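Now for the letters of each chain:
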Amino acid sequence: MKTRMVEILVVILIAVLAVVAYLGKIWGWHEGFVFSTSVSLAVVILIFASLIWILVRTLMDKLVGRRIVFLYVGIAITLPLFMSIEQEIVISDEVQAIYDELEQLQPGSKVLVSLDYDPASAPELQPMAEAFFGECFKRDLKLIIMGLWPMGPQQANQAIDTIMARMGLDSTDVIYGEDYVNLGFQAGNEFVIQRMGSSFEAMFGTDYRGTPYQDLPLVRNVNNFSNIDFSYNISAGFPGTVEWVQIAVDRFGLRLAAGNTAVQAPTVYPYLRAGQLVGLMGGMSGGAEFEKLTHLEGKATTYMLSQSFSHIIVIGFIIIGNVAFFRSGRKSGLKE
Amino acid sequence: MDHFGLWLAAFLTLGIYSFLYKDNPWYKLSESIFIGISAGYWVVVMYWDNFYAKFWLGVFPNEQAVENGAEPDYWLLVGGVLGLLMLMRLIPKIGWVARWPLAFIVGATAGLWMMNYITSNCMSQIQSTIMPLFGADYSASIGEIIGNLVVIIGTFSGLVYFFFSKEHKGAFGATARVGIWTIMITFGAMFGYTVMSRMSLLIGRVDFIFGDWLGLIR
């Protein structure tokens, strides 16, 4: 009963703090917070010191509970979002290859982009879409957007709105129908790709707004993959990069680069080595690398510090866990 | 409405993460809402994009489609009947009928994709493993040569590990042990990527809570 009371009080306290912070946001009491570099470093040192303390406790056969691990991961992810430390981002060959490919395309080249993901994977993949669209707009490459996942085209619209606002572009600078089109979602998974090999129009009779295919100047003369200069697939699973490689690349000879969730990236790397993919952005780090290359720093770059910090914490707890495991081999009866 | 949407999203996000403390009614409510909405969403998508747009309008084209020269495609009825047979599973007495469309799906999929898999996932991968060790014209750098060696040794020893017709002893056993180490390192890399992926999603939600919702992140 006592524990239940404490739990209820904690929930009430969190709710009150949230209301205060929210009212502060809408009434302008605060404009958000950022730690100075020295405070950030102090926080980092404090966290590492406490990790060492946990390691020492483990060596003394006093183990920590799983909730402590969750708490550390939470802290490792949250605090860096308030820090003013910049993280060095090293460009990998596979991300550089995508940038080089875009650099070689002539202005006016047609780029097919398929967004095969939904909001669940947006934190990883949306920054890739934004940076890619931004770079295409800069180079005057014409974007033909589609999706094999129902929410892909909506993610594309969001990404275009975000990047246009960030680049200070409006609908007169980038014209719908001439500079880019969104053909929308088409059901049928990999069969859509196969059918597009002979006719785009057969799969996309209208764009997502309902405009007939032939009324869109950008795609009027696009019949199939042979009219596409380059393509880019952002994928979170099935149907996605694997299907695009198997059909569009290996059967129809399309030049394809991909952006994948980190979970999916290891399964796609063999295609990169075999030359079936031009380049690959793997997970958030891939997105951050591309943002750096294109000088369109966005969410992926911001998130990388949290990403690295959380990885260090995970590695730390793997070491602590192994220490506990090997010690328990010699002694029994370890308790949390 | 924006305020309501933000608070609802925050309420459900915190509800899901409350499971990290322990199972509780808030988590159960959030989970049930998520599952219910997901199921409802997919039913609507499947109905309008598959059944209506592809089947119904294919068999009975609307006026606009007829004006554009569309004709009824009665072959779609075959698919419709097979789809209907699939639902027979819901009636236990004639549930066996559902095996027919299932057999058609398995057979057709195997036939259609066998060549794709052989080409993309088998032949191309074998081809990329057969490579000049020192590069064309001996132009490879030390790093590339080491990389090529890792690929060759890793692939060969990995295949040896899965060769179970001979006992893993002596030189064969040693090669198989290299193979299992290669496989374990691969699993480790995959685990690392999985951690990165899951952390990315968590970062996204934390950014929503402290940034979009509470406005605490500058």
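This brings us to the confidence of the model for chain B. Residues with a pLDDT of 70 or more make up 100% of chain B, whose mean pLDDT is 92. Model confidence for the complex: the whole-complex pTM is 0.91, and ipTM, which rates the interface, is 0.91.

Residues and elements named next belong to chain A. Among the six residues in strand 3 (residues 180–185), five count as buried, and that is most of the element. Where strand 2 (residues 142–147) and strand 3 come together, four bridges link them in parallel fashion. Bridge pairing links Ile-145 to Asn-182 in strand 3. Between the parallel elements strand 2 and strand 3, the chain passes through helix 6 (residues 152–167) in a crossover that is right-handed.

Below, the discussion takes up the packing of aromatic side chains. Given two aromatic rings, one states the distance between the centres and the angle between the planes to describe the pair. All chains considered together, the criterion is met by 33 aromatic pairs over all chains. Above the face of the Tyr176(A) ring, Arg209(A) is positioned so that its terminal group lies 3.8 Å from the ring centre.

This paragraph deals with the environment of Phe185(A). Looking at the element boundaries, Phe185(A) is found in strand 3. A sequence separation of 14 residues divides Phe185(A) from Ser171(A), and the C-alpha atoms of the two residues are 23 Å apart. Setting aside its immediate chain neighbours within four residues, Phe185(A) contacts Gly147(A), Leu148(A), Trp149(A), Pro150(A), Pro153(A), Phe204(A), Val45(B) and Asp49(B).

Gaps left between atoms are located by rolling a probe of water-molecule size over the structure's atoms. Its volume calculated, the second largest pocket comes out at about 2000 Å³. Residue lining of the second largest pocket: 47 residues in total, with Ile14(A), Leu14(B), Tyr17(B), Ser18(B) and Leu20(B) positioned closest to the centre. Where the lining of the second largest pocket is concerned, the elements lending two or more residues are helix 1 (2–26), helix 3 (66–78) and helix 12 (299–330) of chain A together with helix 1 (2–17), helix 2 (25–59) and helix 7 (170–213) of chain B. Counting residues per element, the lining of the second largest pocket draws most heavily on helix 1 of chain A, which supplies eleven residues.

Moving on, we come to the sheet that holds strand 4 (residues 230–235) of chain A. All names here are of chain A. One open sheet accounts for six strands, arranged 3-2-1-4-5-6; its pairing is parallel. The open sheet terminates on both sides in strands that have one partner only, identified here as strand 3 and strand 6 (280–282). Each strand axis lies, on average, 15° off the axis of its neighbour in the sheet, ignoring direction. Across five bridges, the pairing between strand 1 (residues 110–116) and strand 2 is parallel. In the strand pairing of strand 2, Leu-112 is matched with Ile-144. Of the strands in this sheet, strand 4, strand 5 (256–260) and strand 6 are in contact with helix 4 (residues 93–104), which crosses strand 6 at around 140°.

With that out of the way, let us pick up the domain arrangement of chain A. Along its sequence, chain A is carved into domain 1 (2–87 + 302–330) and domain 2 (93–297). Once you take the C-alpha centre of each, domain 1 of chain A and domain 2 of chain A turn out to be 37 Å apart.

The interface is formed by 49 residues belonging to chain B together with 63 residues belonging to chain A. A combined buried area of about 4800 Å² lies between chain B and chain A, and 63% of that area is made up of carbon and sulfur atoms. Considering only the surface of chain B that becomes buried against chain A, Trp113(B), Tyr193(B) and Ile203(B) emerge as the three largest contributors, covering 13% of it. On the surface where chain B and chain A come into contact, there are two salt bridges. Note that Lys22(B) and Glu7(A) form a salt bridge whose closest N and O atoms lie 3.1 Å from each other.

On to the side chain of Ser114(A), then. Residue and element names in this part refer to chain A. The residue Ser-114 is located in strand 1 in this model. For Ser-114, a relative accessible area of 1% translates into the label buried. For Ser-114, the residues in contact, after removing those within four places along its chain, are Met-146, Gly-147, Leu-148, Tyr-232, Asn-233, Ile-234 and Trp-244.

To continue, consider the packing of helix 6 (residues 142–161) of chain B against helix 7 of chain B. Residues and elements named next belong to chain B. As a packed pair, helix 6 and helix 7 sit with axes 7 Å apart at the nearest point and diverge in direction by 110°. By the angle between their axes, helix 6 is roughly perpendicular relative to helix 7. Regarding helix 6 and helix 7, the two cross each other, and that crossing is left-handed. From helix 6, Ile-153, Gly-154, Phe-156, Ser-157, Gly-158, Val-160 and Tyr-161 reach across to helix 7, where they touch Phe-172, Thr-175, Ala-176, Val-178, Gly-179, Ile-180, Thr-182 and Ile-183. Residue classes in the contact of helix 6 with helix 7 are distributed as nine nonpolar, six polar and no charged.

What follows is about the nonpolar core. Phe132(A), Phe133(A), Leu143(A), Met196(A) and Trp244(A) are the most contacted members of the largest nonpolar core, which has 72 residues in total. If you tally residues by element for this core, the top one is helix 5 (residues 122–138) of chain A, at eight residues. Once residues lying within four places of it in the same chain are set aside, the contact partners of Met196(A) are Leu112(A), Met146(A), Met203(A), Phe204(A), Asn223(A), Asn224(A), Phe225(A) and Trp244(A). If you look at the next biggest cluster of nonpolar residues, it comprises 39 residues, including Ala76(A), Tyr303(A), Phe309(A) and Leu214(B).

The rules behind the values
Residues numbered from 1 in each chain as written. Chains lettered and ligands numbered in written order. Predicted model: local features only at pLDDT ≥ 70, side-chain atom pairs only at ≥ 80, totals over all residues. Heavy atoms only, no water. pLDDT = per-residue confidence, 0-100. Buried < 20%, exposed > 50% of the residue type's maximum accessible area, 1.4 Å probe, protein only. Helix = DSSP H or I, 4+ residues; strand = E, 2+ residues; numbered from the N terminus. Pairing = 2+ DSSP bridges. Right-handed = clockwise from strand over helix to strand, strands pointing away. Phe/Tyr/Trp six-rings, centres within 6.5 Å; stacked < 30°, edge-to-face > 60°. Lys NZ or Arg CZ within 6 Å of the ring centre and 35° of its normal. Contact = heavy atoms within 4.5 Å. 1 Å grid on protein atoms, 1.4 Å probe; cavity = no way out; pocket = protein on both sides within 12 Å on 5 of 7 lines; lining within 4 Å. Points joined across faces, edges and corners; volume = space filled by probe spheres on them. Axes fitted to C-alpha atoms, helices over the stretch in contact; angles between N-to-C directions. Domains from an automatic or database assignment. Buried area = accessible area lost by both parts, 1.4 Å probe. Salt bridge = Lys/Arg side-chain N within 4 Å of Asp/Glu carboxyl O. Parallel < 35°, antiparallel > 145°, perpendicular 65-115°, else oblique. Left-handed = near helix turned anticlockwise from the far one by under 90°. Nonpolar A, V, L, I, M, F, W, Y, C, P; charged D, E, K, R; others polar. Core = buried A, V, L, I, M, F, W, Y, C linked by side-chain atoms within 4.5 Å.

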